[in-house]
Amino acid sequence: MPLSHWPYFRCNRCEPTFINTSRSCTCSAPNILTGGLCFSSTGNFPSRVISSARYGDLGMSFTSEWFVKYLQSSAAACGVYANLTSCQALGNMCVMNMNSYDSTTFDACQLFQFIFENTAGLRTVHSVSFWRQNLPWLFYGDQLGLAPQVLSTTPLPTNFSFKGENQNRKLKFVAASYDVRGNFLKWQTLEGGILQLCPDTETRLNAAYSFGTTYQQNCEIPLSKILADFPSPIFYDVYLEHTDENQHQYIWAVPVLNLNLQYNKIFVNQDSSSSKWLLTRRIFLVDALSGRENDLGSQPRLIRIATQITLSIHLVPNTKNGNIYPPLITIAYSDIDITDPSSQSVKVSFSVKYEMDQGEAQVQTDIALGVLGGLAVLSSLLKTASWKRRIGSPMIDLQTVMKFLVYYAGDLANVFFIITVGTGLYWLIFFKAQKSISVLLPVPAQEERLVTYVGCAFALKALQFLHKLISQITIDIFFIDWERPKGKVLKAVEGEGGVRSATVPVSIWRTYFVANEWNEIQTVRKINPLFQILTVLFFLEVVGFKNLALMDSSSSLSRSPASYIAPYSRILRYAVSTALWLVIGIIQIMFFAVFYERFIEDKIRQFVDLCCMSNISVFLLSHKCFGYYIHGRSVHGHADTNMEEMNMNLKREAENLCSQRGLVPNTDGQTFQIAISSQMRQHYDRIHDTLTRKNGPARLLSSSASTFEQSIKAYHTMNKFLGSFIDHVHKEMDYFIKDKLLLERILGMEFMEPMEKSIFYNDEGYSFSSVLYYGNEATLLIFDLLFFCVVDLACQNFVLAAFLTYLQQENAETGKGCDLSSPLAPVLPPDQHQCFPVRLHVMWGCAAAACLLFLGPIHPGAPCGVTSQTPASAQPASTPGRRGVSH
């Protein structure tokens, strides 16, 4: 043979396993040739057939070419020769198979477990019993039930803090990475998006490891990009780096909860109880290798992707120094059937959440709810007792029970409101202001309880508002005209062709004017609703108070556009919005009471002055035997006069040349709470019934002229009776005036019953405003606030919540009233009045809140004048009748 041909005849050394097994370069039967290695058929492997199946979603499996070629050889090299790389490769195949364990199948994890059990004589690594020398650490034991011990027994020996000189706000995760063949690649930090498939800026990616920042990242990635970026899987063993008190650095193994793991064909890690979990250690992001069936160079049939990765941080209970338990990585994989990678995509997410035990907080909330709920019961019983006294009924009937329930609904709404506001402010203040970490925000599932309480508060407050509205539209009000005729005039007699003398009629326009002013003050409030909404929205959106509701540790009102914006906490959104709403509302009320009413305009007191100038008194019954009286009798005897005499009267009054305006001589008391006797009420009802009978079905049998005359007669009779009652003419229905006791004022009820005489209580606080919006500002303010918060909790949008609240306030104030421009309005039956818009805050807000996102205004469809009930905020002050305004 020519010398030039010698390179083609080369002697290669046989693989050592061939020589050791068969003493030759051939691996003849019964020896086993696998993965380029030769192993003896006896003593090295169990007699069972090794499965090269690759498990998929929902128990589906198929034969993987990678497992066929390398599973048996890796297991043999690991078991026989303790080859470190082969052991790592075997562990990787177990991880590729979702760490699933089946006692009936000798698969990758069963092989790993077989080797683990047969190497019990080897020492452990770092005293970890689950980590055998030469083997990777894959499981926290081979039995279920160890998860609670791993996750909540030993806290990490490090402290976290938000502020201060020694602040520690960074979670320093590191990972040991391996390739699919078991070769160690490097140690690397997780910053820079190592475990985050979604692309983003480095600043936003690294924000995931800022302690206290709830992180959420979602995206959709083309399958072609994933195949190009991850041709072969990379495996990670994740650790948390920490420093002890002596500044020595250590790493702590981070356990993994693989939701796809099957233990004897059961997805144990999807159970809600941690006692059934089987924790693991190693993870990967994308596996496009084991999904190849026949050829490792072909396109994979399936690709397995970590579509959901959640990093959970659990705070140690009652810690004051920011101690945490070992973090937990929860990972879920999805198998994608590849058909057309260029058109397919997959949704992936990465999140970091922080948890703490909320049991103690819930117990404290339950205690507060129980105590305040008991006080609400007592308050409701007092209100019901007061109501029973005021209607003059000692019987406890179904109406009494219903009244108690309505009162209790309002008080319970206040209880829920106080608890939710207090809870929200607690989390806002203690989480954002803490230095050493002792509390963490509730997760969304833990917020459901507070959201439920807010919904209950709104529903009950809406019921209370409806009750107040019904109470206002059922009051009895009468304007007593003290003006007397000034003489007589000659009047033509119709049909007789002659004349006769008649008294000069008293003008009705003063009564119209006072009734119209009453109608105007019905919706006067102590705040400006539009200013309230705009100011709250300005502070939330423009100033940046909404940033306080982000689930991170920052208390800054401004955020850089380049930085990561954490998701909003519903508890913090509620706390910030309620705090702003209440502060701005209280400031408005204080400004209104201290400055506006004193130096600009006080419409309630001006109305009382107007009554006196018009010689009109207001007799108002909010209950059957209880109400209010505004004494408007002019000290000058008459008010229907010219300008010159009017100015002269005002001048005399200013110079104290006439008596004072009070009901009692030489006093200024013009407003009273009144408790009338049953005899007085019966007489009042008899006069009123003469009108209501004519306004009922019987009026169809009589002429309109007769009805008109009866109405006028009833009006004059009522006016004369009430005037004489005030003047102490009826001794059998007399009254006396006294001051309320302090305890009566506090409890809101009267201890003395008006048996023989009615009682007038001096009222310097103008408490008749309780039948107006003015006297119910707290209820309205809280109702608007809860409406705003309910919409925001539903849609997470302050602007939309403000817009709907504005619609609720403005459109809801449009209802149907009756036209005072008709001269016959005060004496016509109510259902003959013409209707026109007046301001009426009806329950449109409740309907809109129930719909939440329905933008269309809902108008009430109640017919005008169906009853003669005059609301303090709805019907006009001129409707005649027992439950309306009579003239």
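Residues numbered from 1 in each chain as written. Predicted model: local features only at pLDDT ≥ 70, side-chain atom pairs only at ≥ 80, totals over all residues. Heavy atoms only, no water.

### A word on the overall build of the protein chain
Quick reminder of the rule: Labels follow the DSSP assignment, with helices taken as runs of H or I lasting at least four residues and strands as runs of E lasting at least two, numbered in each case from the N terminus. Categorising residues by exposure relies on relative accessible area from a 1.4 Å probe, with only protein chains included: less than 20% of the type maximum marks a residue as buried, more than 50% marks it as exposed, and the intermediate range marks it as partly exposed. We call two residues in contact when some of their heavy atoms are within 4.5 Å. We get accessible surface area from the Shrake-Rupley algorithm with a probe of 1.4 Å; when it comes to residues, only the shown protein chains can shield them.
Summing up its helical and strand segments, the protein chain has 21 helices and 28 strands in all. Per-residue burial for the protein chain yields a buried fraction of 51% across its 887 residues. Within the protein chain, contacts between residues separated by at least 24 positions form 70% of all contacts whose residues are at least 6 apart in sequence. Carbon together with sulfur atoms contributes 57% to the accessible area of the protein chain, which is approximately 41,300 Å² in total.

### What to know about the pattern of salt bridges
Side-chain pairing between opposite charges can occur once the charged atoms of the two side chains come close. Definition in use: We count a salt bridge whenever a side-chain nitrogen from Lys or Arg sits within 4 Å of a carboxyl oxygen from Asp or Glu.
All told, the structure shown has 26 salt bridges when counted by the stated rule. Here Arg510 makes a salt bridge to Asp481, at a shortest N to O gap of 2.9 Å. Here Arg510 is found in helix α11 (residues 509–521), whereas its partner Asp481 is found in strand β18 (residues 476–481), with 29 residues between them in sequence. Here Arg510 and Asp481 have matching classes, each one buried. Note that Arg605 is salt-bridged to Asp602, the shortest N-O span being 2.8 Å. When its relative accessible area of 35% is taken as the criterion, Arg605 is described as partly exposed. Assessed through its relative accessible area of 9%, Asp602 is described here as buried. If you follow the salt bridges from partner to partner, you end up with Arg390, Lys740 and Glu750 in one network.

### A closer look at unusual backbone geometry
Within the chain, Lys265 stands out as a residue other than glycine whose phi angle is a positive 70°. Tracing the backbone through its elements, the reader meets Lys265 in the loop between β12 (256–258) and β13 (282–284). Classification of Lys265 as exposed rests on a relative accessible area of 62%. Positive phi is not limited to glycine here, since His728 has a value of about 60°. Judged by relative accessible area, His728 falls into the partly exposed class, the value being 29%.

### Re the pairing of strand β6 (residues 128–132)
Here is the rule: Two strands qualify as a pair provided DSSP detects at least 2 bridges between them.
Sheet analysis places strand β5 (residues 124–125) next to β6, joined by two bridges and oriented antiparallel. Looking across to β6, one finds that Val125 is bridged to Val128. Hairpin connection of β5 to β6: two residues between the antiparallel strands, including His126 at a positive phi of 55°.

### So, helix α8 (residues 359–391)
Selection rule: Here a helix's expected span is defined as the number of its residues, less one, multiplied by 1.5 Å.
The end-to-end C-alpha distance of α8, which contains 33 residues, comes to 47 Å, matching closely the 48 Å that a straight helix rising 1.5 Å per residue would cover. Within the span of α8, buried status applies to Thr365, Leu369, Gly373, Ala376, Ser380, Thr384, Ser386, Trp387, Lys388, Arg390 and Ile391. Here the buried face of α8 lies against α9 (398–433), α10 (444–473) and β22 (626–630).

### Overview of the packing of α8 against α9
The condition that has to hold: Angular values range over 0 to 180 degrees, each being the angle between N-to-C directions of two axes fitted as lines to C-alpha atoms, with helices fitted over their stretch in contact. Left-handed is the label given to a crossing in which the near helix is rotated counterclockwise from the far helix by less than a right angle, and right-handed is the label when the rotation is clockwise. Under the convention adopted here, Pro, Cys and the residues Ala, Val, Leu, Ile, Met, Phe, Trp and Tyr are nonpolar, Asp, Glu, Lys and Arg are charged, and Gly plus all remaining residues are polar.
Put simply, α8 and α9 touch, their axes get as near as 8 Å, and they point 145° apart. In terms of crossing hand, the pair formed by α8 and α9 is right-handed. In the contact of α8 with α9, the residues fall into 17 nonpolar, eight polar and four charged.

### Let's talk about the nonpolar core
As a reminder, the rule being used: For the purposes of this section, nonpolar cores are sets of buried Ala, Val, Leu, Ile, Met, Phe, Trp, Tyr and Cys residues that join through side-chain atoms within 4.5 Å.
In this structure, Leu171, Phe173, Phe211, Val238, Ile303, Ile305 and Phe788 are the most contacted members of the largest nonpolar core, which totals 136 residues. Those residues in contact with Val238 that sit more than four places away from it in its chain are Phe173, Val174, Ala175, Leu190, Trp252, Ala253, Val254, Arg281, Ile283 and Ile329. Leu610, Tyr628, Ile759 and Tyr766 belong to the second largest nonpolar core, which has 28 residues in total.

### What about the packing of aromatic side chains?
Where we set the bar: Two rings belonging to Phe, Tyr or Trp (six-membered ring only in the last case) form a pair when the distance between their centres is within 6.5 Å. Interplanar angles under 30 degrees mark stacking, angles over 60 mark edge-to-face geometry, and anything in between is tilted. As a reminder, the over-ring test applies to NZ of lysine and CZ of arginine, requiring each to be within 6 Å of the ring centre and within 35 degrees of the ring normal.
Counted under the stated rule, the structure contains 45 aromatic pairs. An angle of 65° between the planes, with centres 5.9 Å apart, marks the rings of Phe106 and Phe114 as edge-to-face. Here Phe106 falls in the buried class, since its relative accessible area comes to 6%. Taking the centre distance of 5.4 Å and the plane angle of 45° together, the rings of Phe595 and Phe599 count as tilted. In this pair, Phe595 and Phe599 are both assigned in helix α13 (residues 570–599), four residues apart and thus about one turn of the helix distant. When the ring centre of Tyr178 is taken as reference, the NZ or CZ atom of Arg282 above it lies at 4.4 Å. Its end group placed over the ring of Tyr568, Arg573 keeps NZ or CZ at 4.7 Å from the ring centre.

### Looking at the state of the cysteines
Note the following rule: By disulfide we mean two sulfur atoms from cysteines, separated by a distance within 2.5 Å.
Under the counting rule described, the total for this entry stands at three disulfides. Here Cys198 connects covalently by a disulfide to Cys219, the sulfurs 2.0 Å from one another. Of note, the bridge from Cys198 to Cys219 carries an S-S torsion of about -95° and is left-handed in sense. Pair noted here: Cys198 is in the loop between β8 (184–189) and α6 (202–206) and Cys219 is in strand β9 (residues 215–222), with a separation of 21 residues, a long-range link.

### Brief notes about the environment of Tyr215
Using the following cut-off: Under the rule applied, a polar contact is a pair of N or O atoms within 3.5 Å (in protein, one hydrogen donor and one hydrogen acceptor; residues adjacent in sequence only if both atoms are side-chain atoms).
Summarising the element assignment, Tyr215 is placed in strand β9. Tyr215 gets classed as buried once you look at its relative accessible area, which sits at 1%. Sequence separation of Tyr215 and Pro567 is 352 residues, and the distance between their C-alpha atoms is 7.3 Å. Ignoring anything within four residues of it in the chain, the contact list for Tyr215 reads Gln196, Arg204, Leu205, Ala207, Ala208, Phe350, Ser351, Val352 and Tyr564. Polar side-chain contacts of Tyr215 include one of 3.2 Å to the side chain of Gln196.

### Quick look at the packing of helix α12 (residues 529–543) against helix α20 (residues 798–810)
So the rule is basically this: Throughout, the term roughly parallel applies to angles under 35 degrees, roughly antiparallel to angles over 145, roughly perpendicular to angles from 65 to 115, and oblique to all others.
For the pair α12 and α20, interaxial distance at closest approach is 10 Å and the crossing angle is 180°. The orientation of α12 relative to α20 falls into the category roughly antiparallel. Here Pro529, Leu530, Ile533, Leu537, Leu540 and Glu541 of α12 lie close against α20, whose contacting residues are Phe798, Val799, Ala802, Thr805, Tyr806 and Gln809. A class-by-class count of the residues in the contact of α12 with α20 yields nine nonpolar, two polar and one charged.

### With respect to the confidence of the model for the protein chain
The condition that has to hold: Within a predicted model, pLDDT stands for the predictor's per-residue confidence, ranging from 0 to 100.
Averaged over every residue, the pLDDT of the protein chain is 82; the share at 70 or more is 82%. In the predicted structure, residues 814–887 sits below a pLDDT of 50 and forms 210 contacts with residues beyond four places in sequence or in another chain.

### Comments concerning the side chain of Ser86
Examined against the element boundaries, Ser86 turns out to sit in helix α3 (residues 84–96). Aside from chain neighbours lying at most four places away, what touches Ser86 is Ser74, Ala77 and Cys78.

### Digging into the pairing of strand β24 (residues 735–738)
Under the convention used in this document: Assignment of crossover handedness uses the view with strands pointing away from the viewer, where a clockwise path from the first strand over the helix to the second indicates a right-handed crossover.
Sheet topology places β24 next to strand β25 (residues 758–762); four bridges connect them, and they run parallel. Bridging across to β25, Lys738 finds its partner in Tyr761. Handedness of the crossover joining β24 and β25 through helix α18 (residues 742–747): right-handed.

### Some words on helix α4 (residues 108–117)
Counting buried residues along α4, eight of its ten residues qualify, which places the element largely inside the surrounding structure. Among all positions in α4, only Ala108, Cys109, Gln110, Leu111, Phe112, Gln113, Ile115 and Phe116 are buried. On its buried face, α4 is in contact with α2 (65–81), α3 and β6.

### As for a nonpolar patch on the surface
Our working definition: Patch membership is restricted to residues that have no salt bridge and whose relative accessible area is over 30%. Joining uses 9 Å for like charges and 5 Å for the nonpolar side chains Val, Leu, Ile, Met, Phe, Trp and Tyr.
A contiguous nonpolar patch, built from Ile586, Met590, Phe591, Val594, Phe595, Phe599 and Ile600 and spanning about 730 Å² of accessible area, is present on the exposed surface. Its place among the elements puts Ile600 in the loop between α13 and α14 (603–614).

### Considerations on the environment of Ile521
Along the chain, Ile521 falls in helix α11. Sequence separation of Ile521 and Lys603 is 82 residues, and the distance between their C-alpha atoms is 7.0 Å. Those residues in contact with Ile521, other than ones at most four positions away along the chain, are Lys603, Ile604, Phe607 and Leu772.

### Points about the environment of Ser103
On the secondary structure map, Ser103 appears in the loop between α3 and α4. Under the relative-accessibility criterion, Ser103 is labelled partly exposed at 39%. Counting along the chain gives 160 residues from Ser103 to Tyr263, while the straight-line C-alpha distance between them is 8.7 Å.

### Side note on the side chain of Asp102
Just so we agree on the cut-off: This count recognises Lys and Arg as positive and Asp and Glu as negative, with His and chain-terminal groups excluded.
Mapping Asp102 onto the fold places it in the loop between α3 and α4. Here Asp102 sits buried without a salt bridge, and the closest side chain of opposite charge, Lys265, lies 4.2 Å off (N-O distance). With sequence-adjacent residues up to four places away left out, Asp102 is seen in contact with Gln110, Asn264 and Lys265.

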